[in-house]
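Coordinate analysis (summary)
Given next are the chains, with one letter for each unit.
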Amino acid sequence: MKHYLGDRTIDGIKVTVDGVPLDPCVNVREFSQNGFEWSYEGPEPRQLALALLVDHLGDNSAAMAAVEPFMRTVVANFGNEWEMTSSDIDLALTALDGEAVA
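Described below are features of the structure shown in this document. Small disclaimer: the values here were computed from a predicted structure and weren't measured.

Scoring rules and cut-offs
- Residues numbered from 1 in each chain as written.
- Predicted model: local features only at pLDDT ≥ 70, side-chain atom pairs only at ≥ 80, totals over all residues.
- Heavy atoms only, no water.
- Helix = DSSP H or I, 4+ residues; strand = E, 2+ residues; numbered from the N terminus.
- Rg over C-alpha atoms; globule rule 2.2 N^0.38 Å.
- Buried < 20%, exposed > 50% of the residue type's maximum accessible area, 1.4 Å probe, protein only.
- Contact = heavy atoms within 4.5 Å.
- Lys, Arg positive; Asp, Glu negative; His and termini not counted.
- Charge placed at Lys NZ, Arg CZ, Asp CG, Glu CD.
- Pairing = 2+ DSSP bridges.
- Axes fitted to C-alpha atoms, helices over the stretch in contact; angles between N-to-C directions.
- Phe/Tyr/Trp six-rings, centres within 6.5 Å; stacked < 30°, edge-to-face > 60°.
- Lys NZ or Arg CZ within 6 Å of the ring centre and 35° of its normal.
- Expected span 1.5 Å × (residues − 1).
- Bend = angle between axes of the 7 residues up to and from the residue.
- Polar contact = N/O pair within 3.5 Å; in protein donor to acceptor, adjacent residues only side chain to side chain.
- Core = buried A, V, L, I, M, F, W, Y, C linked by side-chain atoms within 4.5 Å.

For the rest of this paragraph, the subject is the overall build of the chain. A count of helical and extended segments in the chain gives 3 helices and 4 strands. Tracing the chain from N to C terminus, the helices and strands come up as β-β-β-α-α-β-α. A globule of 102 residues ought to have a C-alpha radius of gyration of about 13 Å, and the chain, at 13 Å, matches this closely. Reported as C-alpha extents along the three principal axes, the dimensions of the chain are approximately 45 × 25 × 25 Å. Split into buried and exposed, the 102 residues of the chain put 41% on the buried side. Relative to all contacts within the chain whose residues are 6 or more apart in sequence, the contacts with residues 24 or more apart total 54%. If you average the places of the 6 positive and of the 17 negative side-chain charges in the chain, the two averages end up 4 Å apart.

Take the sheet that holds strand S4 (residues 82-85) next. On the basis of which strands lie adjacent, the open sheet formed by 4 strands has the order S3-S2-S1-S4 and antiparallel pairing. The open sheet has two edge strands, strand S3 (20-21) and S4, and neither has a second partner. Across 4 bridges, the pairing between strand S1 (residues 3-9) and S4 is antiparallel. Within S4, the position partnered with tyrosine 4 by the bridge is methionine 84. Seen against the sheet, helix H1 (residues 43-57) touches S1, strand S2 (12-17) and S4 and runs at an angle of roughly 155 degrees to S1.

Further remarks concern the packing of aromatic side chains. We describe a pair of aromatic rings using the distance from one ring centre to the other and the angle between the two ring planes. As enumerated under the stated definition, the model contains 2 aromatic pairs in all. Between tryptophan 38 and tryptophan 82, the ring centres sit 5.7 Å apart and the planes meet at 85 degrees, which makes this aromatic pair edge-to-face. On the criterion of sequence distance, the pair formed by tryptophan 38 in the loop between S3 and H1 and tryptophan 82 in strand S4 is long-range, its members being 44 residues apart. In textbook terms, an aromatic cluster arises when at least three aromatic residues are bridged by ring pairs, as seen for Trp38, Phe78 and Trp82. Against the face of phenylalanine 31 rests arginine 46, its NZ or CZ located 5.8 Å from the ring centre.

So, about helix H2 (residues 60-73). Residues lying three or four places apart along an α-helix face the same way, a consequence of the helix completing one turn every 3.6 residues. In a regular helix each residue adds 1.5 Å, so 14 residues correspond to 20 Å; H2 covers 20 Å between its end C-alpha atoms and thus fits that length. The axis of H2 is deflected most strongly, by about 50 degrees, at valine 67, and proline proline 69 appears within four residues downstream. For H2, every residue scored as buried is listed here: Ala63, Ala66, Val67, Phe70 and Met71. Between the side-chain oxygen of the N-cap and the backbone nitrogen of serine 61 there are 3.0 Å, and the N-cap of H2 in question is aspartate 59.

To continue, consider the nonpolar core. Of all hydrophobic cores here, the largest spans 29 residues; its most connected members are Leu22, Leu48, Leu52, Phe70, Phe78 and Trp82. If one sorts the elements of this core by residue count, H1 sits on top with 7 residues.

Next up, the structure:
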């Protein structure tokens, strides 16, 4: 199970997966040239949502399909420091699928 961690440090934003910097996945889609951010809706949180989903799902198309609702529902609500596991992402995606059906 992967472990994702985000932190705002004196040196700036730090996002890792299993202790390694998370790839921003700009090769899939570049929403922002300013890197990652969270706690609001916008291009930087959208880039983080995409990176998390691409890393977790391993499927660029599926990640792109889920990026907007995942950003709004999950990433925009992160606190200054946050952590998620692969299992947490699966639960969030299942909840989002349930909302789409409802």
